[in-house]
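Residue-level structure breakdown
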Amino acid sequence: MIVRLLSSVLLAWILGFAWFAILLPQPLGALQTDAVVVPTGGPLRIDRGLEALRNEWADRMLISGVDRDVRPAELSAQYPGSTQLFDCCVDLGFRAYDTRSNGIETARWAEQRKVTSVRLVTTDWHMRRAEYELQRALPDSIAIYTDAVASKPSLMTLWREYNKLVVRWLAGLFGV
């Protein structure tokens, strides 16, 4: 009986990993939202957020988890032609240090800005955990739309991220 139970848990975990690795989230496209939220940490995330602003898919953008030593002018200089967007429409969040605190920082920002919908921009392999943390932090009245930045993650990256997601989901079941 115990062997069957453990075998069932192992099978569920393996099938979950297959689902996670094969069906990575995709880019969103031209859907209008109030805001864009970009957690730092991966290539092309900020570029995708700026693209959403340029295409008027959103009015404002929060870059969450910015290092405290980064200055807005320094960051905007890394994205040529985006200085005006940074000046008018981009807010930098300096309080987050991991995916969970990105969600908390975003919730505070969204409440201050009276946001009703957000476009979450992050790397495809990171999207599910980032969305989970954002769902936990935001009120149900704020809609979340995922806009994944396509990547070619290694099997090890997928393995680590899947296990982080499972651990966070289990911790969430216990209110942590």
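Below, the structure is looked at part by part. Model, not experiment: these values are computed from the prediction.

Examining the side chain of T99
Turning to its location among the elements, T99 is positioned in helix α5 (residues 99–113). T99 gets classed as buried once you look at its relative accessible area, which sits at 11%. A polar contact is formed between the side chain of T99 and the side chain of H126, at a distance of 2.9 Å. Dropping the residues within four chain positions of it, T99 is found in contact with H126, R129, A130 and E133.

Concerning helix α2 (residues 45–54)
In an α-helix there are 3.6 residues to a turn, and that puts residues three or four apart on one side. By the criterion of burial, α2 is predominantly enclosed, with seven of the 10 residues buried. Burial in α2 covers these residues: R45, I46, R48, G49, L50, A52 and L53.

Details of the side chain of T33
Within the secondary structure, T33 is located in the loop between α1 (2–22) and β1 (35–39). Judged by its relative accessible area of 2%, T33 is buried. A distance of 3.1 Å separates a polar atom in the side chain of T33 from the backbone oxygen of A35. When near neighbours in sequence (up to four residues on either side) are disregarded, T33 contacts W57, A58, D59, S117, V118, R119 and Y145.

What about unusual backbone geometry?
Backbone geometry follows two general trends: most residues other than glycine have a negative phi, and most peptide bonds adopt the trans configuration. One non-glycine residue, L44, lies in positive phi territory at about 70 degrees. Inspection of the secondary structure assignment puts L44 in the loop between β1 and α2. By relative accessible area, L44 is classed as exposed at 52%. With a phi angle near 60 degrees, K114 is a residue other than glycine that sits in the positive phi range. Summarising the element assignment, K114 is placed in the loop between α5 and β4 (117–123). Among the residues examined, K114 registers a relative accessible area of 68% and is labelled exposed.

Side note on the packing of aromatic side chains
Tallying each qualifying case throughout the model produces seven aromatic pairs. Residues F20 and Y162 carry aromatic rings whose centres are separated by 5.5 Å and whose planes lie at 50 degrees to one another, so their mutual orientation is tilted. Within this pair, whereas F20 is found in helix α1, its partner Y162 is found in helix α7 (residues 155–173), the two being separated by 142 residues in sequence. A relative accessible area of 1% means that F20 is categorised as buried. Centre to centre, the rings of Y79 and F86 are 6.2 Å apart; their planes meet at 25 degrees, and the pair counts as stacked. Linked through ring pairs, W13, F17, F20, W159 and Y162 together constitute an aromatic cluster. Stacked on the ring of W19, the Lys or Arg R128 has its end atom at 4.1 Å from the ring centre.

Cut-offs used in this document
Throughout this document, residue positions are counted from 1 along each chain, in the order its sequence is written. With the structure being a predicted model, the display of local features is reserved for residues of pLDDT at least 70 and the display and counting of side-chain atom pairs for 80 or more, all residues being used for whole-chain, interface and lining totals. Side-chain measures were taken over the full set of non-hydrogen atoms in the model, leaving aside hydrogen atoms and water. Going along the chain from the N terminus, every DSSP run of H or I of four or more residues is numbered as a helix, and every run of E of two or more is numbered as a strand. We call a residue buried when its accessible area falls under 20% of the maximum for its residue type, exposed when it is over 50%, and partly exposed in between, using a 1.4 Å probe and counting protein chains only. As used in this structure description, the phrase polar contact means that two N or O atoms lie within 3.5 Å; if the pair is within protein, one of them must be able to donate a hydrogen and the other to accept it, and residues adjacent in sequence are counted only when both atoms belong to side chains. The contact rule is simple, with two residues in contact once any of their heavy atoms fall within 4.5 Å. Here a pair means two rings of Phe, Tyr or Trp (six-membered ring of Trp) with centres within 6.5 Å. Their orientation is stacked below 30 degrees between planes, edge-to-face above 60, and tilted elsewhere. The rule is short: NZ of Lys or CZ of Arg within 6 Å of the ring centre and within 35 degrees of the ring normal puts a charge over the ring.

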